[in-house]
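Read off the chains here:
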Amino acid sequence: MNEAFTSSGSVTETYAVGLLRAMLEIPSPSYHERALGDYVVRAMTDLGFRAHIDGVGNAVGVIGRGDGPTVMLLGHMDTVSGLVPVRSEDGRLYGRGAVDAKGPLAAMICAAAGAADFPGRIVVIGVVEEETPRSRGAMAIRATHDRPDVLVIGEPSGWSSVVLGYKGKLDLRYTVKCPATHPSNPEPKASELAVDCWNALVDLLGPEASHGVFDQPGATLVQLNGDLTTATAELSVRTPPGFDAEKLVNRLRERLPDGELEVRNSVKACRVGRSDPAVRALVSGIRQLHAQPRLKVKTATSDMNTLAEVWDIPMATYGPGDSSLDHADDEHIVLSDYLRGIDVLTTAISELAHLPAHPDNDPAGEAPLRIRSLR
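All of the points below concern the structure found in this document. Because the structure is a prediction, the values reported are computed rather than measured.

A few points about the overall build of the protein
Across its full length, the protein holds 9 helices and 17 strands. Computed over the C-alpha atoms, the radius of gyration of the protein is 22 Å, within 12% of the 21 Å expected from 2.2 N^0.38 for a compact globule of 375 residues. Over its C-alpha atoms, taken along the principal directions, the protein stretches across nearly 80 × 45 × 40 Å. Intrachain contacts of the protein at a sequence separation of at least 6 include 79% that bridge at least 24 residues. Carbon and sulfur atoms form 47% of the exposed surface of the protein, whose accessible area is close to 16700 Å². Across the protein, the mean location of the 37 positive side-chain charges is 2 Å away from that of the 49 negative side-chain charges.

So this is what it looks like as structure tokens:
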């Protein structure tokens, strides 16, 4: 038997921890994921997947075990820049991407490899460029892959929590040029017009706008560069379900006497219900480990948004790791949580082999689930 597996067919804890550590030791900032992708393909091949790198650099592994449903587990390989030395300390594994999102992706690989009794097809994908505005990896998956029956996105939710949805995102760039003039000239300067653009955006969104509330938009002035003659402002708006991004852009353009406002990226908010089969399967896995599941919505954006725009299927987001450590200088994952995450995903895969006939009905006797709004 492959030394990666126990006698019962699950991946050993030693192998699972070693896999994640090896992934952390390969730097993979956005646009530079190939070395990690090659490693992930080799690891999946050794675990019994048919694996390859696709045309945009995604690592794709497939295990086919019958005519049952197709479950897709999709995480991202890229990280933000910045070095976090890889080390183990007090039951924690440190490294850039430990929670965002190599930990969730490694957990998906291990859970899929150990799902020996699953009667269908499991597709595990590590996508590129999730941390960039374009999400090129996920865009390629939705354009080239058959729609699966169920989708789980790998992002840090905390091992005992499931994410139901994310805010959308609208990325804007405002560029303006003005004739050279003396600073004392009363004519508006380029830098002043860029600030006016930001102020107009805040005014249009209204006093209730907030990043801390899922059902309200929230704006960020990402970058501002300018002088008297030339200025550029990068603006980002996190948008709630039902938000009319096109209307906002048109109204903002009406407020700008000069310059050009460019839509750099736009993706809608997404949210599934607590009775979604993917949610229920993950909840079952959490309960099997004797924990009370929590359901969350997040005010950030993920590849769940990108895929939900074209795939109307059961889906949810799950992954071990504390999302407050995303991009942090001390990014780390608690190894016991990582191993619990593998167990939760293993149970969820098994549950998804038999989707409920009436997913809108709560099983009798289940404890209530509270929905929380978090970043």
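Let's talk about the packing of helix H7 (residues 277-288) against helix H9 (residues 335-351)
At a minimum axis distance of 7 Å, the contact between H7 and H9 shows a crossing angle of 130°. Judged on the interaxial angle alone, H9 and H7 are oblique. In terms of crossing hand, the pair formed by H7 and H9 is right-handed. Along its contact with H7, which presents Ala281, Leu282, Ser284, Gly285, Ile286 and Gln288, the element H9 presents Val344, Leu345, Thr347, Ala348 and Glu351.

Considerations on the layout of surface pockets
A probe as big as a water molecule, rolled over the atoms, marks out the empty space that is left. Taken as a whole, the largest pocket encloses approximately 1300 Å³ of empty space. Residue lining of the largest pocket: 41 residues in total, with Glu131, Lys169, Arg238, Ala300 and Thr301 positioned closest to the centre. Looking at the lining of the largest pocket, the elements with two or more residues in it are helix H4 (136-144), strand S9 (168-177), strand S10 (218-226), strand S11 (230-239) and strand S12 (260-267). Class assignment for the residues of the lining of the largest pocket results in 9 nonpolar, 16 polar and 16 charged.

Cut-off values and rules
- Residues numbered from 1 in each chain as written.
- Predicted model: local features only at pLDDT ≥ 70, side-chain atom pairs only at ≥ 80, totals over all residues.
- Heavy atoms only, no water.
- Helix = DSSP H or I, 4+ residues; strand = E, 2+ residues; numbered from the N terminus.
- Rg over C-alpha atoms; globule rule 2.2 N^0.38 Å.
- Contact = heavy atoms within 4.5 Å.
- Areas by Shrake-Rupley, 256 points an atom, 1.4 Å probe, with all protein chains shown as cover.
- Lys, Arg positive; Asp, Glu negative; His and termini not counted.
- Charge placed at Lys NZ, Arg CZ, Asp CG, Glu CD.
- Axes fitted to C-alpha atoms, helices over the stretch in contact; angles between N-to-C directions.
- Parallel < 35°, antiparallel > 145°, perpendicular 65-115°, else oblique.
- Left-handed = near helix turned anticlockwise from the far one by under 90°.
- 1 Å grid on protein atoms, 1.4 Å probe; cavity = no way out; pocket = protein on both sides within 12 Å on 5 of 7 lines; lining within 4 Å.
- Points joined across faces, edges and corners; volume = space filled by probe spheres on them.
- Nonpolar A, V, L, I, M, F, W, Y, C, P; charged D, E, K, R; others polar.

None of this, on its own, says anything about what the molecule does.
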